[in-house]
Amino acid sequence: MARIALVTGGTRGIGAAISVALKAAGREVVASYAGNDAAAEAFHAETGIATLKFDAGDFAACKDAVDRIHAAHGAIEILVNNAGITRDAVMAKMTRELWDAVIDTNLGSCFNLCKLTFDAMRAKKFGRIVNVGSINGQAGQYGQVNYAAAKSGIHGFTKALAQEGARFGITVNAIAPGYVDTDMVRAVPEDVLQKIISRIPMGRLGRADDIARGVVFLTADDADFVTGATISINGGQHMY
Ligand code: CAA
């Protein structure tokens, strides 16, 4: 029986590449999305991967979605918390709404879905959780106090939950992507983006597949001794 994987934000950008790579690795994948029906339909038509619409930042919506996946496919054994948004603004222009939106979607979603899937993983004595952090959670980024806080929070969350999961065969790891060629990064003002690329030793933006390969590695059955790790995939832009 194929293991069941849920990839949040799994129909576009990095998440779509992760969904496709996990399917190619023999997983039964459900890709969730929050709003873009047209993109989700096109993704499903192209890949055959099941999609499910719900807001990963909303606990009640997550509970309903997890119940539905468990009923239709079986217990989720691989969880990739990839859903994320940006609402960039300097502090002077940052509002409480922009703060809450990013914290709820990017960090709250990790709590919601780990909370709702952990018991079943524990019962099976198997689980693979990968949380998608960011270089900007490691290094900070001008105009992103909300996003950097959420992503940095993901890195701490990962290390804490990894300690709890270890004795149940559940690994919890993070990937910290650098700047990857997706709609999110293309929204950065062109002059700012060019400056960022000039500081990437590899001289290019990342590709979604670069990140997906890391997720396949971390979710493999035999990756059972890797937990609490953060793998940076950023072309050398930030090393520590
Ligand atoms: N360091 C220092 N100063 C900076 C700066 C930086 N990185 N970026 C901008 N500034 C300065 C500008 O030069 C400008 O100074 P002056 O007024 O003296 O000219 C001042 O800050 C205001 O800059 P803007 O005119 O750009 O102000 P704005 O309010 O229009 O926009 C901003 C501010 C929203 C932060 C905009 O600069 C921006 O979008 N920057 C990109 C932020 C970014 O990299 N986001 C990452 C998105 S992708 C992602 O998050 C994925 C991932 O995980 C990697």
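Our subject is the structure listed above.
The structure presented is a predicted model; accordingly, all values stated were derived computationally and were not measured.

Criteria and thresholds
Residues numbered from 1 in each chain as written. Predicted model: local features only at pLDDT ≥ 70, side-chain atom pairs only at ≥ 80, totals over all residues. Heavy atoms only, no water. Helix = DSSP H or I, 4+ residues; strand = E, 2+ residues; numbered from the N terminus. Rg over C-alpha atoms; globule rule 2.2 N^0.38 Å. Buried < 20%, exposed > 50% of the residue type's maximum accessible area, 1.4 Å probe, protein only. Contact = heavy atoms within 4.5 Å. Lys, Arg positive; Asp, Glu negative; His and termini not counted. Charge placed at Lys NZ, Arg CZ, Asp CG, Glu CD. Near = heavy atom within 4 Å. Polar contact = N/O pair within 3.5 Å; in protein donor to acceptor, adjacent residues only side chain to side chain. Areas by Shrake-Rupley, 256 points an atom, 1.4 Å probe, with all protein chains shown as cover. Pairing = 2+ DSSP bridges. Core = buried A, V, L, I, M, F, W, Y, C linked by side-chain atoms within 4.5 Å.

> Is there a simple way to think about the overall build of the chain in this case?
Helices and strands together make up the secondary structure of the chain, namely nine helices and seven strands. Relative to a compact globule of 240 residues, whose C-alpha radius of gyration would be 18 Å, the chain shows 17 Å and is just as compact. On the principal axes, the C-alpha backbone points of the chain span a range of 50 × 40 × 35 Å. Taking all 240 residues of the chain together, the buried fraction comes to 48%. Sequence separation of 24 or more characterises 71% of the internal contacts of the chain that already satisfy a separation of 6 or more. Mean positive and mean negative side-chain charge positions of the chain (24 and 24 charges, respectively) differ by 4 Å.

> I'm lost on the site of the ligand in this one. Help?
Neighbouring residues of the ligand: 19 residues in total, closest Asp88, Lys93, Ser134, Tyr142 and Tyr147. Between the ligand and tyrosine 147 there is a distance of 2.7 Å, counted from an oxygen atom to a side-chain nitrogen or oxygen. Starting from 1,100 Å² of accessible surface for the ligand in isolation, the protein chains cover 58%. Of all the secondary-structure elements, those providing two or more residues to the shell around the ligand are α5 (135-139), α7 (183-186) and α8 (190-198).

> What should I look at first to understand the side chain of aspartate 210 in this one?
Mapping aspartate 210 onto the fold places it in helix α9 (residues 208-219). For aspartate 210, a relative accessible area of 16% corresponds to the buried category. A distance of 3.1 Å separates polar atoms of two side chains, one belonging to aspartate 210 and the other to arginine 204. Each residue touching aspartate 210, except ones within four places of it in the same chain, is listed here: Arg204 and Ile233.

> Quick question: what am I supposed to make of the side chain of asparagine 173 here?
Looking at where asparagine 173 falls in the secondary structure, it is placed in strand β6 (residues 170-177). You can call asparagine 173 buried: its relative accessible area is 0%. Within the local environment of asparagine 173, its side chain forms a polar contact with the backbone nitrogen of glycine 228, the two atoms lying 3.2 Å apart. Not counting residues within four places of it along the chain, the set of residues in contact with asparagine 173 comprises Ile129, Val130, Asn131, Thr158, Leu218, Val226, Thr227, Gly228 and Ala229.

> Just to check I follow, could you spell out the pairing of strand β3 (residues 50-53) for this structure?
Two faces make up the sheet, and in a regular strand the side chains alternate between them. As paired strands, strand β2 (residues 28-33) and β3 are joined by four bridges and run parallel to one another. Residue valine 30 lies in a different strand from β3, and its bridge partner there is alanine 50.

> Would you mind showing me how to read the nonpolar core here?
Among soluble globular proteins, nonpolar side chains are generally buried collectively. With 24 residues, the main nonpolar core has Leu6, Phe54, Leu79, Leu113 and Ile129 as its most contacted residues. Elements represented by at least two residues in this core include exactly β1 (4-7), α3 (59-72), β4 (76-81), α4 (96-124), α6 (145-165) and β6. A per-element tally of this core places α4 first, with five residues. When residues no more than four places from it in sequence are discounted, the contact partners of leucine 113 are Leu6, Thr8, Phe54, Ala56, Cys62, Val66, Leu79 and Asn81. With 23 residues, the next largest nonpolar core counts Ala17, Ile18, Val80 and Ala208 among its residues.

> I'm lost on unusual backbone geometry in this one. Help?
Glycine aside, the phi torsion of most residues is negative, and most peptide linkages are trans. In the Ramachandran plot, lysine 125 falls in the positive-phi region, its phi being about 55 degrees despite a non-glycine side chain. For lysine 125, the location among the structural elements is in the loop between α4 and β5 (127-132).

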